[in-house]
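# Coordinate analysis (summary)
In case you want the letters, here they are:
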Amino acid sequence: MAPVSHTLEADLRAAREAAKLTIEDIHQETRLATDILKRFESGQLIGDPSFNAVYLKAFARSYGEAVGIRPHKVDAAMEAVKAGTYRGELHPDYVDGSVKAAEDEQSTSKDDASATGETVKPQKASQFPKVDPLPAAIPTGSTAFEGPTPVPYSGARPTRRLQKNVRATSGGSFDTAWGAILGVTVLVVLAVCTILWLLFRSDSPEPDVATTAGADTALTALGDSSISGSSTGQSGAPRLTFPVEVTVVAGGDGLQSFRVTEVPAERRPVWVEPGESVTFSSNRSVVLWGEGGLGMNPNEVTLRFRGYEWNPPPGQILRIDSTYGQTLLDSLHTVFPAGGRPTPQS
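The present account deals with the structure reproduced in this document.

Calculation notes
- Residues numbered from 1 in each chain as written.
- Predicted model: local features only at pLDDT ≥ 70, side-chain atom pairs only at ≥ 80, totals over all residues.
- Heavy atoms only, no water.
- Helix = DSSP H or I, 4+ residues; strand = E, 2+ residues; numbered from the N terminus.
- Buried < 20%, exposed > 50% of the residue type's maximum accessible area, 1.4 Å probe, protein only.
- Contact = heavy atoms within 4.5 Å.
- Areas by Shrake-Rupley, 256 points an atom, 1.4 Å probe, with all protein chains shown as cover.
- Phe/Tyr/Trp six-rings, centres within 6.5 Å; stacked < 30°, edge-to-face > 60°.
- Lys NZ or Arg CZ within 6 Å of the ring centre and 35° of its normal.
- Core = buried A, V, L, I, M, F, W, Y, C linked by side-chain atoms within 4.5 Å.
- Pairing = 2+ DSSP bridges.
- Axes fitted to C-alpha atoms, helices over the stretch in contact; angles between N-to-C directions.
- Parallel < 35°, antiparallel > 145°, perpendicular 65-115°, else oblique.
- Left-handed = near helix turned anticlockwise from the far one by under 90°.
- Nonpolar A, V, L, I, M, F, W, Y, C, P; charged D, E, K, R; others polar.

Of regular secondary structure, the protein chain possesses 9 helices and 8 strands. Per-residue burial over the protein chain gives 32% buried out of 346 residues. A fraction of 64% describes how many contacts in the protein chain between residues 6 or more apart in sequence connect residues 24 or more apart. Of the accessible surface of the protein chain, which amounts to about 20,700 Å², a share of 56% is contributed by carbon and sulfur atoms.

Under the definition given, this model contains 3 aromatic pairs. Seen in terms of ring centroids, F40 and Y63 are 5.5 Å apart; in terms of plane orientation they differ by 50°. Their pairing is tilted. Of this pair, F40 sits in helix α3 (residues 34–41) while Y63 sits in helix α4 (residues 53–66); the two residues are 23 residues apart in sequence, bridging distant segments of the chain. Overall, Y63 belongs to the buried group, its relative accessible area being 0%. Ring-pair connections join several aromatic residues into one group, and the members of that group are F40, Y55, F59 and Y63. Just above the ring of W289 sits the side chain of R267; from NZ or CZ to the centre is 5.0 Å.

In terms of nonpolar packing, the biggest core is built from 26 residues, with V248, F258, F280, L288, L303, F305 and W310 touching the most fellow members. Of all the elements in the fold, those that place two or more residues in this core are β1 (244–250), β2 (255–263), β3 (268–272), β5 (285–291), β6 (301–305), β7 (308–310), β8 (318–321) and α9 (325–335). If you look at the next biggest cluster of nonpolar residues, it comprises 25 residues, including L8, L12, I23 and A66.

Pairing in this open sheet of 4 strands is antiparallel, and the strands run β4-β1-β6-β7 from one edge to the other. Because the sheet does not close on itself, it has two edges, and the strands there are β4 (277–282) and β7. Averaged over all pairs of adjacent strands, the angle between strand axes in this sheet comes to 20°, irrespective of strand direction. Strands in contact with α9 are β6 and β7; relative to β7, the strand with the most contacts, it is inclined by about 85°.

Where helix α2 (residues 23–30) contacts α3, the axes come no closer than 9 Å and their chain directions differ by 120°. Taken together, α2 and α3 sit at an angle that is classed as oblique. Remark: the crossing between α2 and α3 carries right-handed chirality. Residues I23, E24, I26 and H27 of α2 lie in contact with α3, whose contacting residues are T34, L37, K38 and E41. The residue inventory of the contact of α2 with α3, partitioned by class, reads 3 nonpolar, 2 polar and 3 charged.

Listed below in structure tokens is the structure:
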């Protein structure tokens, strides 16, 4: 054990040696450079005006924690060093002034020895009188004391390395339990998402819209398949304008999963109650796929577009865009002259 010197650096070094730690151990624990650690222990840092005081305080705290001394004690010792009142409080053998008394005794022994010419060796900490941990009124082995024999408190604090091992051991089962809970939660979420996808996906293949969305199919629904529309626009027919707006009116028992694409948005299902209507709009194209993407049912669907109202043919998938929109308007104008169904709005 290093002698008590009343210097903070020497006492911290004594605490390190009492904990059987080397400079390399402190370096591995704190990541402080070994050469700085050696300079600190030799007393070259405290009092050096060129060394940053804030860094020095943090340095001493890290060193103290590594050898088992609480940070607030190191801070108090640093303040005592500044005030010139430090008395070896961080030395491992310091307990309520006992170290000071031991030093005084050693000093007296040295003076007596120098007077007589004798050589006196410094008294070791192990030679200090020990206090009996049991009261004198209760002898060891007495039936009045049934608990285990108390162990005297050594005053040493477990090192940070030991504390980390204890925390890692005690927290292992807790971390494992949370990991299992998170894993089960993820599996449940994935299962629910898979079930929802299976319930709402469409098993039918994407139909070829180009072959089903022309004006002839619209005319078939109107009962006059002999009339063909003109993409150039007929006299009196309203002109196609954007955005395209088409209204779907639900009949029968309503529309369930009625698929619609409002380009550039993806195809999505909508539900419409009987007698209610929904208007769809797009600056490019509107595609009406029907229930489940299988085409429309004229008994359950009524369409409204630019003032015209009609029921589509069975299974029709209707695209209204710059290619087919004007053709559809021309055909509707031909089939629905003035006095028929609702007249077009210009």
